[in-house]
2 protein chains.
Amino acid sequence: MGFREDVRKVKALADENRLAIMLALQHGEKCGCVLLEELNITQPTLSHHMKILCDSGLVASRKEGKWMHYSLSPEGISSYREMISGYVRCDCECEEDESDTCCCNTTG
Amino acid sequence: MGFREDVRKVKALADENRLAIMLALQHGEKCGCVLLEELNITQPTLSHHMKILCDSGLVASRKEGKWMHYSLSPEGISSYREMISGYVRCDCECEEDESDTCCCNTTG
DNA sequence: CACATATATTTACGGTTGTCAATGTGTAAA
DNA sequence: TTTACACATTGACAACCGTAAATATATGTG
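Residues numbered from 1 in each chain as written. Chains lettered and ligands numbered in written order. Predicted model: local features only at pLDDT ≥ 70, side-chain atom pairs only at ≥ 80, totals over all residues. Heavy atoms only, no water.

Asker: Is there a simple way to explain helix H2 (residues 16–24) of chain B in this structure?
Answerer: Helical periodicity: at 3.6 residues per turn, an α-helix aligns residues three or four positions apart in one direction. Listed in full, the buried residues belonging to H2 of chain B are Arg18, Leu19, Ile21, Met22 and Ala24 of chain B. Of the residues flanking the start of H2 of chain B, the one acting as N-cap is aspartate 15 of chain B, its side-chain oxygen 2.9 Å from the backbone nitrogen of asparagine 17 of chain B. (Buried < 20%, exposed > 50% of the residue type's maximum accessible area, 1.4 Å probe, protein only. Helix = DSSP H or I, 4+ residues; strand = E, 2+ residues; numbered from the N terminus. Polar contact = N/O pair within 3.5 Å; in protein donor to acceptor, adjacent residues only side chain to side chain.)

Asker: Please explain the interface of chain A and chain B as it appears in this structure.
Answerer: When the parts of a complex come together, some accessible area is lost, and that lost area is often taken as the interface size. On the chain B side, the residues contacting the 46 residues of chain A number 46 residues. In total, chain A and chain B occlude about 4,100 Å² of area from one another, counting both sides; carbon and sulfur atoms represent 68% of this. The partner of arginine 4 of chain A in a salt bridge is glutamate 16 of chain B, with the nearest N and O atoms 3.8 Å apart. If you look at where chain A meets chain B, you find six residue pairs in polar contact (both at pLDDT 80 or more). Going through the elements one at a time, helix H1 (3–13), helix H2 (16–24), strand S1 (30–31), helix H3 (32–38), strand S3 (67–72) and helix H5 (74–87) of chain A are the ones with two or more residues in the side of chain A that touches chain B. Residue composition of the side of chain A that touches chain B, by class: 25 nonpolar, nine polar and twelve charged. (Contact = heavy atoms within 4.5 Å. Buried area = accessible area lost by both parts, 1.4 Å probe. Salt bridge = Lys/Arg side-chain N within 4 Å of Asp/Glu carboxyl O. Nonpolar A, V, L, I, M, F, W, Y, C, P; charged D, E, K, R; others polar.)

Asker: Before we go on, may I ask you to explain the protein's contact with DNA strand D in this structure?
Answerer: Taken together, 23 residues lie around DNA strand D, and Gln43 and Ser47 of chain A together with Asn17, Arg18 and His49 of chain B are the ones closest in. One nitrogen or oxygen atom from the main chain of lysine 66 of chain A is found 3.4 Å from a sugar or linking oxygen belonging to DNA strand D. Those elements that place two or more of their residues in the surface near DNA strand D are H3, helix H4 (43–56) and S3 of chain A together with H2 and helix H4 (43–56) of chain B. The greatest single-element share of the surface near DNA strand D, amounting to five residues, is contributed by H4 of chain B. Of the residues belonging to the surface near DNA strand D, the class tally is nine nonpolar, nine polar and five charged. (Near = heavy atom within 4 Å.)

Asker: Would you explain the side chain of histidine 49 of chain A in this entry?
Answerer: Residues and elements named next belong to chain A. Tracing the backbone shows histidine 49 in helix H4. With a relative accessible area of 6%, histidine 49 lands in the buried category. Excluding residues that lie within four positions of it along the chain, histidine 49 makes contacts with Asp15, Asn17, Arg18, Ile21 and Ile41.

Asker: Explain the sheet that holds strand S3 (residues 67–72) of chain B to me, please; I cannot follow it from the model alone.
Answerer: The pairing of strands in a sheet happens through backbone hydrogen bonds and is either parallel or antiparallel. All names here are of chain B. Reading across the sheet, the three strands line up as S1-S3-S2 and stay open at both edges, with antiparallel pairing between neighbours. The sheet terminates laterally at strand S1 (30–31) and strand S2 (59–64), the two strands that pair on one side only. As paired elements, S1 and S3 share two bridges and run antiparallel to each other. Following the sheet pairing, lysine 30 is matched in S3 by tyrosine 70. Sheet contacts for H4: S2 and S3; angle to S2, the most-contacted strand, approximately 120°. (Pairing = 2+ DSSP bridges. Axes fitted to C-alpha atoms, helices over the stretch in contact; angles between N-to-C directions.)

Written out as structure tokens, the structure is:
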């Protein structure tokens, strides 16, 4: 919702390993030990990254016995894409009127 | 194209000021001095952020006299959104077959 | 030419962040 | 209960990153 929250969400994806985790989860739920085999990192590092991804809402977790199952959250995915669309967008149909707030326009 | 490049592009947006710059440019081209008034940062810091945004392809620059005009790049915007879509996505129609690569499935 | 303005670069500093070793917690099996 | 396994937490360290002062470059003005 807020700007600070948006910054946190963008940063949640701004890491090599976390991007790789997003790819690894695209085909379904996986538990931590499997992710650990696929990524060349230690277990505490994986735990660290999963916490960030879960906090961002992109990933959901489910505990089953001693295993943690991680999966992409459809709501989080949707929310993230909407958030990004708010920043990465050209308002091409917007009038040029506002551009004359620039100090160095030669059109005036 | 490559994974490393994707990481760089995601990181290009993972900053409070750079997100604010993306918003500031949504309604058209602006020169550096105007951005400088809108953001509470110094001129070297702005120059630093603009370089990162331009390198990522999201922002285009145009020199006119002593002024630098910055604007959102439609191609960069489009490319960025496609790139993000590759990572932030649920393959919901995908079969669950691949999930049995997990060491701790109880369905088998 | 000297001077002012807009921007880029260099340099240094402080805070953040990714990483792993060590340890703690919880769960299941022997 | 003891042992083994999966995961979380803590602490420490190194690398990265945002920041601004100082300086450099480029353009325009007198």
